[in-house]
Amino acid sequence: PRRERVREVRALSKRERAILIAAADRLASISSRVLDAQAPLLVRLMLKTGLRRAEVLGLAWRDVDTTRGEILVRHGKGDKSRRVPIEDRDLIERIEIVRADRGIDRPGNDAALATPMFVSTTGKKIAWSSFYRLFHRVIAHADLAGRGITPHSLRHTFGSMLCARGVPVPYVKDLLGH
């Protein structure tokens, strides 16, 4: 008989969240890698929206509406779409800064809206392997290696924080795309 693999997913503590965010900021400031520069936005986005890894990597600029404060997940699990609110003002400001730096909203630049939000050195969507290498660099920079923190842990943390704030479970379920 096949043995089931049981992997415990845990939520990050408030201290671990702060350390992880600070490590992403530090990594971006000392590295010259294109991917490392995107770490602060990537980590914050995953922590504060609960998006899955594939959903984050699949985001295009047209999917992010900072005016309304929401993200359109076009192809979630089971190819279902949903809208996820962005309630963190700092995250919205960071998105707007990156958007302006890349010239996404420049008049006559409609093609830029279809470009991926997180890009590799070639300007294409980040590969999963590159995403994991980046995530592990942030974890190592935070001295949190070996504590079972995965990208899914950030999603679990988001859901746990909502439940702790008293958000009804059906609403949390919808936000997470379950």
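Residues numbered from 1 in each chain as written. Predicted model: local features only at pLDDT ≥ 70, side-chain atom pairs only at ≥ 80, totals over all residues. Heavy atoms only, no water.

Novice: What is the right way to look at unusual backbone geometry in this model?
Specialist: It is generally the case that most residues other than glycine have a negative phi and that most peptide bonds are trans. Here Asp-143, not a glycine, exhibits a phi torsion of approximately 55°, which is positive. Looking at the element boundaries, Asp-143 is found in the loop between α6 (128–141) and α7 (151–164). Residue Asp-143 is classed as exposed on the basis of its relative accessible area of 64%. (Helix = DSSP H or I, 4+ residues; strand = E, 2+ residues; numbered from the N terminus. Buried < 20%, exposed > 50% of the residue type's maximum accessible area, 1.4 Å probe, protein only.)

Novice: Mind showing me how you'd approach the pairing of strand β3 (residues 82–85) here?
Specialist: In summary, the side chains of a regular strand alternate between the two faces of the sheet. Residues Arg-82 and Val-84 point to one face of β3 and are all buried, whereas Arg-83 and Pro-85, pointing to the other face, are not buried. Sheet topology places strand β2 (residues 70–73) next to β3; four bridges connect them, and they run antiparallel. Note on β3: the bridge partner recorded for Leu-72 is Arg-83. (Pairing = 2+ DSSP bridges.)

Novice: I keep staring at the side chain of Thr-157 and nothing clicks. Help me out?
Specialist: Mapped onto the elements, Thr-157 comes out in helix α7. For Thr-157, a relative accessible area of 1% puts it in the buried group. Once residues within four sequence positions are removed from consideration, Thr-157 is found in contact with Arg-10, Ala-11, Leu-12, Arg-17 and Leu-47. (Contact = heavy atoms within 4.5 Å.)

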